[in-house]
Amino acid sequence: MAEPVLQVRGLSKQFGGLLALCDVNLQVERGEFRAIIGPNGAGKSTFFNTLSGWLKANAGRVLFEGRDITGHPPHRLTRGGIARTFQITSVFAGMSVLENVQVAILGYRGQTWRPWTPARTQHGELARELLERVGLAGEVGRQAGTLSHGDQKRLELAIALAGNPRLLLLDEPTAGMTARERLESIHLVHRIAGELGLTVVFTEHDMAVVFAVASHISVLHQGRLLAEGTPEAVRANPEVQQVYLGEAVIESEQRT
Amino acid sequence: MKSALAGLALLAALGLPFALSEFWIFIAIEVLAFALYAVSFNLLLGFGGMLSFGHAAFFGVGAYAVAILWKKAGLTMVLAFAAAPLVAALVAIVIGYLSVKRIGIYFAMLTFAFQMLLYTIALKAGWLTGGDDGITGLKPAGLLGDPVAYYFFALLLSAAAIYLIHRLVRSPFGYALQALKGNPARLQYVGVDVRRHRLATFVVAGAFAGLAGALFALSSGNVFPNWLNWTASATPIVMAVLGGIHSFLGPVVGAAVYVLLEVVISGKTEYWPLVMGCVILLLVLALPDGLSGLGQLLRRQFRGTGNG
């Protein structure tokens, strides 16, 4: 059997007296489209940021393709084949759409130390291909900061794909979108991940999005892993229903 | 269009010394040295988003390095001069290593503190630096002793150095720097070690500031501790802002205007810093993008009336 892409063993993270993550164990196989869900404050973001090297874990190990990557700084993880996107859209706002992807390609390949060759001549072709893949072929010359929110999300996806990652971490990829945009956007990611054979781990709070694409779901609750399995199994889990439905009812009451 | 203008300016610079008196040739050399100084500073501020409040450290170290290596260590002038930017780079590695961990005001304060440390050394280590009196007698002998020849020497070096910085800004390194300025978190997640990139930028800027300091020291014939004082770190900030930090050659314009204003106004009144301050204040208030924003402003005005 092939090595799991991602193994998380006993991951814990504490902020002062608050235990945000407690002994989380997780395994993601190649080609999975894994959703991490949980009510607000369940530790999704902490889990995600610890996984991607943004925060240092207090205990536990993270293995990528069998290699221990615990505590590696972001740039090293990224060069190793893990790409991530941010909950709050994060592009290089002052640069053009094409330059955004070019600088990403240069970064992944460790070519940002070249001090002489003009950068605009570098990897233009590949950058255009990536932009075409995410549907931004018509916007190459636009300043990235002036793109619509949805298009910035697409650009961020192109930036993430620029390094040929094997594992893609998406932090709330549909945050701030309308319901229709959300499904469109996650289907785009799902299609591209399928085409490229990527493994994807994403956090998401919109259940419609989760159940539309996730191959597996892990449920976090109060910093612990509550349940895990296929969407059907998770949906049928009474514990999850209790935690989640309670939350959903409260949320829907707040909205009205 | 822009490169045509730069070419024209270079052509004018080539003919300049034949039209000027010796006094003004020295002023022109000062402009060249400070233009390089201001451009090196703006590599940090305008392109890297790092406001250093201690850039004079490297200008001063470059100046002291050429003076000490030549006059005290017995190296030839040429060798001492060539070593000056390297010494400045070495100092920048140390200061940078300890400073680029922090950003914003903390980075500014750290660079400020290190520069004041060097200032104190220049004042107190009299056996090495000449203390209060500085080091004098640095006028080059031989061919470079001729002001016109030295002018061309300075022109060649500062133009070449500014061209190198220009290439750097447009290179993959410069793209990453631009990305870093806007979004360091994102840049880490495309695989760039942001701290090392900041440090490298800091060292390059330091080396070129050191070259500028050495150029100026040999032109003025001396070096004094106040070149390392904090007021000396304000000079490139004012020059860069005056000329425009978002334009590559803005700081060159800023340096020229600053030096010329200083010469003209200080010849007229002993209160010249006051007058100078007011003039700079007015310019910055009227032209938030600096003098290099003036061209754009005029062009827009012109186009506006042309369309209407």
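Residues numbered from 1 in each chain as written. Chains lettered and ligands numbered in written order. Predicted model: local features only at pLDDT ≥ 70, side-chain atom pairs only at ≥ 80, totals over all residues. Heavy atoms only, no water.

J.: Help me understand the pattern of salt bridges in this model?
T.: Side-chain pairs of opposite charge can arise whenever the charged atoms involved come near each other. All names here are of chain A. The final tally for this structure, using the stated rule, is 14 salt bridges over all chains. Here Arg 30 makes a salt bridge to Glu 65, at a shortest N to O gap of 3.3 Å. Remark: Glu 65 occurs in the loop between strand S4 (59-64) and strand S5 (67-68) and Arg 30 occurs in the loop between strand S2 (18-28) and strand S3 (33-37); sequence separation between them is 35 residues. Its salt-bridge partner being Arg 180, residue Glu 184 comes within 3.5 Å of it at the nearest N-O pair. Of this pair, Glu 184 and Arg 180 both sit in helix H6 (residues 179-196), separated by four residues, roughly a single helical turn. We classify Arg 180 as exposed; its relative accessible area is 66%. One continuous salt-bridge network, built from bridges that share partners, spans Arg 30, Glu 65, Arg 67 and Arg 166. (Salt bridge = Lys/Arg side-chain N within 4 Å of Asp/Glu carboxyl O. Helix = DSSP H or I, 4+ residues; strand = E, 2+ residues; numbered from the N terminus. Buried < 20%, exposed > 50% of the residue type's maximum accessible area, 1.4 Å probe, protein only.)

J.: How should I be thinking about the interface of chain A and chain B in this particular structure?
T.: Counting residues at the interface gives 34 residues for chain A, matched by 25 residues for chain B. In total, chain A and chain B occlude about 2700 Å² of area from one another, counting both sides; carbon and sulfur atoms represent 65% of this. It is Phe 92, Trp 113 and Trp 116 of chain A in chain A that bury the most area against chain B; as a group they hold 24% of the surface buried on that side. Scanning the region where chain A abuts chain B turns up one salt bridge. Between Arg 186 of chain B and Glu 156 of chain A there is a salt bridge, and its shortest N-O distance comes to 2.9 Å. Our count for the contact surface shared by chain A and chain B stands at 16 residue pairs in polar contact (both at pLDDT 80 or more). At the level of elements, helix H2 (74-79), strand S6 (82-85), helix H3 (97-108) and helix H5 (149-161) of chain A are the ones that each hand at least two residues to the side of chain A that touches chain B. A total of seven residues in the side of chain A that touches chain B trace back to one element, the largest contributor, which is H3 of chain A. Residues belonging to the side of chain A that touches chain B are distributed by class as follows: 16 nonpolar, 12 polar and six charged. (Contact = heavy atoms within 4.5 Å. Buried area = accessible area lost by both parts, 1.4 Å probe. Polar contact = N/O pair within 3.5 Å; in protein donor to acceptor, adjacent residues only side chain to side chain. Nonpolar A, V, L, I, M, F, W, Y, C, P; charged D, E, K, R; others polar.)

J.: Help me understand the pairing of S2 of chain A in this model?
T.: Every other side chain in a regular strand lies on the same face of the sheet, so the side chains alternate between the two faces. All names here are of chain A. As defined by bridge partners, strand S1 (residues 6-15) adjoins S2 across seven bridges and the pair is classed as antiparallel. Bridge pairing in S2 links Val 8 to Leu 26. In this structure, the hairpin formed by S1 and S2 is closed by a connection of two residues, where Gly 16 is found at a positive phi of approximately 60°. (Pairing = 2+ DSSP bridges.)

J.: I tried to follow the sheet that holds S3 of chain A on my own but got confused; where do I start?
T.: Whenever strands of a sheet pair, they do so through backbone hydrogen bonds, lying parallel or antiparallel. Residue and element names in this part refer to chain A. In space, the six strands of this open sheet follow the order S6-S7-S8-S3-S9-S10, with mixed pairing throughout. Bordering the open sheet on either side are S6 and strand S10 (224-229), each of which pairs with just one other strand. In this sheet, adjacent strand axes meet at a mean angle of 15° when their direction is disregarded. By the bridge criterion, five bridges tie strand S7 (residues 167-171) to strand S8 (residues 199-203) in an arrangement that is parallel. Considered in S8, the bridge of Leu 167 is made with Thr 199. (Axes fitted to C-alpha atoms, helices over the stretch in contact; angles between N-to-C directions.)

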